[in-house]
Structure formats: structure tokens, C-alpha cells
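This is what each chain is made of:
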Amino acid sequence: DAKTTQPNSMESNEEEPVHLPCNHSTISGTDYIHWYRQLPSQGPEYVIHGLTSNVNNRMASLAIAEDRKSSTLILHRATLRDAAVYYCVAGDAGNMLTFGGGTRLMVKP
Amino acid sequence: EAEVAQSPRYKITEKSQAVAFWCDPISGHATLYWYRQILGQGPELLVQFQDESVVDDSQLPKDRFSAERLKGVDSTLKIQPAELGDSAMYLCAVSSRPNTEAFFGQGTRLTVV
């Protein structure tokens, strides 16, 4: 069974916030939640990661539910360059990264 | 300089032929991963190294795939013989410690004809 599940696609308007959801009800208590994004014909690019607390960096924010069964990646102001496939990834203590199916984000001007 | 260089970027090979991919990361990353990504799907882990040692290869089709990381830095992934279903993007990634940023190469797109 997949460790993480995401909607196949989402659409957003430029300069508006985007909330990308991820369900991970079966992850263990020590698994981190990572997010990567991938542009066409490129390798995935790190976005953010966290364990229990909400996290912020220059790219995005990560909100993790108190029960850790879900999380949300927040892009505060979507730009056209944010159009990509976003992957919610479970990272275990052995440094194994398990990717989900990803959400294709489309940004409309 | 990119954290991870992969070569070749593109490879077309006939089925039943042998093919090899190279991953050349900058030094300092203990963990190295090879992923396979079929078009429209998320990356699937094939093999994970910690320094020179394999820590997980449960999804590696060992009858035809092999991987090595002899000096704990660069790595090769080989397929022999290639099958039509092996057509995919092969991605190499590295990281320094558990649950830190992983750096991916641009991948090798393999087409088996």
C-alpha cells in the first residue's frame, strides 16, 4: 500500500495561495514528511520537510495535522513557475524516501 | 556545479541489449539512491546505498539489473538484457543524513525498442 496519497491534479490562479493536500495515515511515528516538485524532463527538487511541527522556508510552508495522518503544502503566492508535479514523500529513519503518485499543479495567469 | 551529474541524458537501445547508466555526485553524501520513473507516475526506488553497501534493493529486478558504488561516491546501474518494459526515466539522488534534503540528477531517459 502507498504510504502517501494525493489528488491527481489541482488548478490555481496566479498570485493566489495554493494548498496541496496529502494523506499518510499509515506512516510510522518516526517517518518524516517531505515534499518535492518536478518540472518536465528534470529530476525532483526538494521543497520542504517536517516531522510534527509546522515548517516554513523561503519556498513554502508545511502544515502537519496533529494526528500526523495528513499534511498540507502551502504555496503562499503561486506563480507560473510553480506549475509542476508535487510529490508528498515519506522519509524513514533509514533514509528511505518513498514517493507517492504526485499532484500536477496547473497555474492559470 | 550540479550536486549530481548523470550520463547519458538519453539512451535508445534495442531489447536484449545491455545498457549502463552513470551517476557522479559531488562527494560528502553517504546515501545514494537509484529510482525508476515511468511516464506519468512517481519515482520508484530501485536501490539504496549507504556508502559502498546496499541497504535496500528489494524492488530491483536482480535477474537483469545490477548496481554498484565501489568507492562510495559515484555509481553505475546496469540492465542486461533490456526489455521493452524498462523504458523509463532513471534518476539518481544523494543525501548526507537521514531526513535532510536529497539532491536529484536530471535523469537518464531510456527507450527500449
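Everything below is about the structure shown above.
Reference entry: report on the structure contained in this document.

Here is what the cut-offs are and how they apply
Residues numbered from 1 in each chain as written. Chains lettered and ligands numbered in written order. Predicted model: local features only at pLDDT ≥ 70, side-chain atom pairs only at ≥ 80, totals over all residues. Heavy atoms only, no water. Helix = DSSP H or I, 4+ residues; strand = E, 2+ residues; numbered from the N terminus. Rg over C-alpha atoms; globule rule 2.2 N^0.38 Å. Buried < 20%, exposed > 50% of the residue type's maximum accessible area, 1.4 Å probe, protein only. Contact = heavy atoms within 4.5 Å. Areas by Shrake-Rupley, 256 points an atom, 1.4 Å probe, with all protein chains shown as cover. Lys, Arg positive; Asp, Glu negative; His and termini not counted. Charge placed at Lys NZ, Arg CZ, Asp CG, Glu CD.

**Re the overall build of chain B**
When you go through chain B residue by residue, the secondary structure sums to zero helices and 11 strands. Going from the N terminus to the C terminus, chain B shows its helices and strands as β-β-β-β-β-β-β-β-β-β-β. Relative to the compact-globule value of 13 Å for 113 residues, chain B shows a C-alpha radius of gyration of 13 Å, a close match. Judged by the C-alpha coordinates and their principal axes, chain B covers about 40 × 25 × 25 Å. Per-residue burial for chain B yields a buried fraction of 46% across its 113 residues. Here the analysis covers contacts within chain B between residues at least 6 apart in sequence; of these, 52% occur between residues at least 24 apart. When the accessible surface of chain B is split by element, carbon and sulfur atoms take 48% of a total near 5600 Å². Charge separation in chain B, taken as the distance between the mean sites of 11 positive and 15 negative side-chain charges, equals 5 Å.

**Describing unusual backbone geometry**
All names here are of chain B. Ser7 connects to Pro8 through a cis peptide bond whose omega is -10°. Cis geometry marks the peptide bond from Gln80 to Pro81; its omega dihedral reads -5°. Here Pro81 is to be found in the loop between strand 8 (75–79) and strand 9 (88–95). Positive phi outside glycine occurs at Asp51, with the angle close to 55°. Of note, Asp51 is situated in the loop between strand 5 (44–50) and strand 6 (53–56).

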